[in-house]
Amino acid sequence: MGIVFMPGQMLGPKIQGTPWFPLVPSLRLQGSSMTVSFLPTNPSKCHHCSQRQAMRRSFNASFGEGFILVAFSDWPQLELTLFAFISVSYCLTLLGNTTIIALSRLDPRLRTPMYFFLCHLSFLDLCYTTSTVPQLLINLSGLDRTISYGGCVAQLFISLSLGSTECVLLVVMAFDRYAAVCRPLHYMTIMHPHLCQALAVASWVGGFMNSVIQTGLMMAMPLCGLHYLNHFFCEMPVFLKLACVDTGGTEAKMFVARAVILVFPAALILGSYVHIAQAVLKVKSMAGRRRALGTCGSHLLVVSLFYGSAIYTYLQPTGSYSESEGKFVALFYTIITPMLNPLIYTLRNKDVKGALKKILGRGRDSG
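Just so we're clear, the structure is a prediction, and the values are computed from it rather than from any experiment.

A. A look at the overall build of the protein chain. Of regular secondary structure, the protein chain possesses 12 helices and 5 strands. Relative to its 367 residues, the protein chain shows a buried fraction of 43%. The contacts of the protein chain with a sequence gap of at least 6 include a subset with a gap of at least 24, amounting to 74%. Split by element, the accessible area of the protein chain, about 19400 Å² in all, is 68% carbon and sulfur.

Here it is, written out as structure tokens:
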């Protein structure tokens, strides 16, 4: 029985989504016996780990020229409407959140724990929308739909960091409302300025740590396929669609990180509001009930909008994730929620209205 190989013939195992790994037959004669073995064309890459490193370098290097963000180009009839809506929403977001930060700094009556955390939330929303919306507006205008690989990774890291920070900060704000409603006599003792600063720092550090973990896991995977991202910004579920290896293990690790940053905080918030509701029901004064419900209701509405859309996007398997639906859902936590936050927190807030009238009145008097 003989084995014949054509000159230059290369064989190799086929890995899904990757090119052939070239293996060249090697013959070894020992007396009357002959041994046939298959060696890689580059012996230094014969180990599995080296092969994976080579795959990662070759595939990710091919994305050095960047990506094309599809955004809403598959619905061209909506692009003009979306451009107008998002432009107005972005302007309102900038105006509303900047106003809250300015008022909290200028009016001494607003220098309380609640407004301290609200300033952080407003700053987060300003940064979060600015990390995605300008790119989307350029995309919708048709001027440029591309983004570099480095820019895409940076956008992924920044948006994930800010979103994760907001998840933790909303828990801190729920704890603040719990202390205000359930422990009113000890509120200022509990929410000491040093504790407030420590909780704010912990929110930022926790958010960035979560982003470092998930972005690191994402960058460790080789990417292949077309240079198209069916989204309006670089988001994790869309990136996972480009992975050309089995993502089961990586997704399991990411799921744990997402559960820690999404499910656990949401459970804490719900638990705190159960105690708040019990405390409010014990209040005999209707005015006291309305004030407590008005303050806490606004926070609960923000939490529902933000967590509802984020959980839909990040806590479903990649295989069942719909890119078309995901784009519209992402509009909630990248554009709509940051725009509504200032309105929700200040629309029925007499302190903010009074501070705004005071500042505007002072400006008229000086003019």
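B. Fine view of helix H3 (residues 113-130). Taking 1.5 Å of rise per residue, 18 residues should cover 26 Å, and H3 covers 26 Å from first to last C-alpha, within 8% of that figure. Within H3, 13 of the 18 residues are buried, leaving the element largely enclosed by the surrounding structure.

C. Seen up close, the nonpolar core. Judged by nonpolar contacts, the single largest core of 80 residues is most densely connected at Phe 67, Ile 86, Leu 136, Leu 170, Met 218 and Tyr 307. If you tally residues by element for this core, the top one is helix H5 (residues 149-182), at 15 residues.

D. Just helix H2 (residues 76-106), in detail. Look at H2: 45 Å from first C-alpha to last across 31 residues, which is about the 45 Å you get at 1.5 Å a residue. At Leu 82, H2 shows its strongest bend, of approximately 25°. Inspection of H2 places Glu 79, Leu 82, Ile 86, Ser 89, Tyr 90, Thr 93, Gly 96, Asn 97, Ile 100, Leu 103 and Ser 104 among the buried residues, and these make up the whole buried set.

E. Highlighting the pattern of salt bridges. Per the counting criterion, the structure on display carries 4 salt bridges. Asp 74 is the salt-bridge partner of Lys 327, the closest N and O atoms lying 3.2 Å from each other. Here Lys 327, found in helix H11 (residues 323-346), pairs with Asp 74, found in the loop between strand S3 (67-69) and H2; they are 253 residues apart in sequence, far enough to count as distant. Residue classification places Lys 327 among the buried residues on the basis of a relative accessible area of 0%. Residues Arg 109 and Asp 107 are paired through a salt bridge, measuring 3.2 Å at the closest nitrogen-oxygen approach. Judged by its relative accessible area of 52%, Arg 109 is exposed.

F. Representation of the packing of aromatic side chains. Tallied over the entire structure, the rule returns 11 aromatic pairs. Here the aromatic rings of Trp 75 and Phe 328 are separated by 5.1 Å at their centres, their planes lie at 70°, and the arrangement is edge-to-face. One end of the pair, Trp 75, is in the loop between S3 and H2; the other, Phe 328, is in helix H11, and 253 residues separate them in sequence. For Phe 328, a relative accessible area of 29% translates into the label partly exposed. Through successive ring pairs, a cluster of aromatic residues spans Phe 72, Trp 75, Phe 232, Phe 233 and Phe 328.

G. Region of interest: the state of the cysteines. Summed over all chains, the structure comprises 1 disulfide. In this model Cys 152 forms its disulfide with Cys 234; the gap between the sulfur atoms is 1.8 Å. Between Cys 152 and Cys 234, the disulfide has an S-S torsion of -110° and is therefore left-handed. You can see Cys 152 sitting in helix H5 and its partner Cys 234 sitting in the loop between strand S5 (228-229) and helix H8 (236-241), a full 82 residues away along the chain. The pair Cys 152 / Cys 234 is uniform in exposure class, with both members buried.

H. How the structure looks around the packing of H5 against helix H9 (residues 248-282). Running from amino to carboxyl end, H5 crosses H9 at an angle of 15°, the nearest separation of the two axes being 9 Å. If you check the angle between H5 and H9, you find them roughly parallel. As H5 runs across H9, the sense of the crossing is left-handed. Across from Ser 164, Cys 167, Val 168, Leu 170, Val 171, Ala 174, Arg 177, Tyr 178, Val 181 and Cys 182 in H5, the residues of H9 making contact are Ile 261, Leu 262, Pro 265, Leu 268, Ile 269, Ser 272, Tyr 273, His 275, Ile 276, Ala 279 and Val 280. Residues that form the contact of H5 with H9 fall into these classes: 17 nonpolar, 3 polar and 1 charged.

I. Expanded view of unusual backbone geometry. We note that Ala 71 has phi near 55°; this positive angle belongs to a residue other than glycine. Position of Ala 71 among the secondary structure elements: in the loop between S3 and H2. Classification of Ala 71 by relative accessible area gives buried; the value is 0%.

J. Seen up close, the environment of Leu 94. Inspection of the secondary structure assignment puts Leu 94 in helix H2. Taking relative accessible area as the criterion, Leu 94 reaches 31% and is therefore assigned partly exposed. Through-space distance from the C-alpha of Leu 94 to that of Thr 130 is 9.1 Å; in sequence the pair is 36 residues apart.

Quick notes on the rules
- Residues numbered from 1 in each chain as written.
- Predicted model: local features only at pLDDT ≥ 70, side-chain atom pairs only at ≥ 80, totals over all residues.
- Heavy atoms only, no water.
- Helix = DSSP H or I, 4+ residues; strand = E, 2+ residues; numbered from the N terminus.
- Buried < 20%, exposed > 50% of the residue type's maximum accessible area, 1.4 Å probe, protein only.
- Contact = heavy atoms within 4.5 Å.
- Areas by Shrake-Rupley, 256 points an atom, 1.4 Å probe, with all protein chains shown as cover.
- Expected span 1.5 Å × (residues − 1).
- Core = buried A, V, L, I, M, F, W, Y, C linked by side-chain atoms within 4.5 Å.
- Bend = angle between axes of the 7 residues up to and from the residue.
- Salt bridge = Lys/Arg side-chain N within 4 Å of Asp/Glu carboxyl O.
- Phe/Tyr/Trp six-rings, centres within 6.5 Å; stacked < 30°, edge-to-face > 60°.
- Disulfide = S-S within 2.5 Å.
- Axes fitted to C-alpha atoms, helices over the stretch in contact; angles between N-to-C directions.
- Parallel < 35°, antiparallel > 145°, perpendicular 65-115°, else oblique.
- Left-handed = near helix turned anticlockwise from the far one by under 90°.
- Nonpolar A, V, L, I, M, F, W, Y, C, P; charged D, E, K, R; others polar.

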